[in-house]
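# Breakdown of the fold
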Amino acid sequence: MTPAAPDRPISAGRGDAAGGWVCEDAPAKINLALAVTGRRADGYHFIDTLVAHGVAGDTVAARVDGVADAAADPIRGFEVDGRFAAGLDGEADNLVLRAARLLAREAARRGRPTAAVTLRLTKRLPIASGLGGGSSDAAATLRLLDRIWDLGLGRMRLAELAAPLGADLPMCVLGTALRARGIGEATEPVAGLPILSLVLVNPGVAVATPAVFKALTRRDHPPLPQWPAAWDGVDGVARWLSTTRNDLEAAAIGLAPPIGDGLAALAARPGCLLARMSGSGATCFGLFADPQAAAQAAVAIAAARPSWWAVAGTTLGDPSVAGRADAELP
């Protein structure tokens, strides 16, 4: 058994000449640290989290199928394929479709015509895995259709539009290293965070986010400590992360003990500087000293646990691009 292949980083749009498809990557959202700092009266929790994107991800593709009637739904069809496609069977209101229709309404509000499109989601990330997969898919849809429909909104405006779809959407639209506070909607870029070599491991269990928050025994933890002015490479990131935590980890392990097995498997591999759960689980990440150590760890874990999902890869680069227009992004 070999580990799953990592995905490419976010592109400015890839074409598939054979099928007429244009693609956008939907990278995993990895919570390197996550503090639960309070709860609102409506039940939503306040968080403080350091987020990176990359390593693996889904892909959203669109094919233009003519000009849409102004009164008609511009989404002509929606297809799902990939390793974890079956997990979305019977989901009539996928976030990809909701994002596409939200952007179509914005285009109509601006008096801009929209081409009719068929959408295809290639699902490579496990479902309910703590990697923001659904949110990243919706975010990729917004970026992709912003280009295809020539709206020119850019990531910052798309992030604002996306907020009603979910608290994770703004950070996934930006798709770079950032700090998120509030219920996740208040974001700021984190400059200078090095590219990190990570292994993602999912032990084959799904964990419902509401159940994890409900299982918390404390909801008023302090926020994350201030990070250094300069990170001093991967070792510096590991040192700072060792002073932080994921406040959802213990509750998630209580609901799904195999998460603890995933953490132990990562921590036991040579070169692992830190092992932690991402988001509300069940995926865990290991931070490794270099890409070779990460790749070897993923191979070893996949061989020892063939039913698990294991991926090695790197996070995306310079987070300072988060505030730029799409045309300036690499």
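A few points on the structure. The structure displayed is predicted, hence computed values, not measured ones. (Residues numbered from 1 in each chain as written. Predicted model: local features only at pLDDT ≥ 70, side-chain atom pairs only at ≥ 80, totals over all residues. Heavy atoms only, no water.)

### Notes on the sheet that holds strand S10 (residues 284-288)
Spatially, S9-S10-S8-S11 is the arrangement adopted by the 4 strands of the open sheet, whose pairing is antiparallel. Bordering the open sheet on either side are strand S9 (272-277) and strand S11 (309-314), each of which pairs with just one other strand. On average, each strand axis in the sheet is inclined to that of its neighbour by 20°, with strand direction left out of account. The sheet contact formed by strand S8 (residues 197-202) and S11 spans 6 bridges and is antiparallel. Pairing of Val199 across the sheet is with Ala312, part of S11. Running at roughly 45° to S9, helix H6 (residues 233-241) makes contact with S9 and S10 of the sheet. (Pairing = 2+ DSSP bridges. Helix = DSSP H or I, 4+ residues; strand = E, 2+ residues; numbered from the N terminus. Axes fitted to C-alpha atoms, helices over the stretch in contact; angles between N-to-C directions. Contact = heavy atoms within 4.5 Å.)

### Observations regarding unusual backbone geometry
The phi torsion of most residues other than glycine is negative, and most of the peptide bonds are trans. Of the consecutive residues Gly281 and Ala282, the connecting peptide bond is found in the cis state with omega at 10°. By the secondary structure assignment, Ala282 is in the loop between S9 and S10. Not every positive phi belongs to a glycine, and Ala128 is a case in point at roughly 50°. The residue Ala128 is located in the loop between strand S5 (115-122) and helix H2 (133-148) in this model. Note on Ala128: relative accessible area 37%, which makes it partly exposed. Of note, the phi angle at Asp232 is positive, near 60°, even though the residue is not glycine. Within the element layout of this structure, Asp232 appears in the loop between helix H5 (209-214) and H6. (Buried < 20%, exposed > 50% of the residue type's maximum accessible area, 1.4 Å probe, protein only.)

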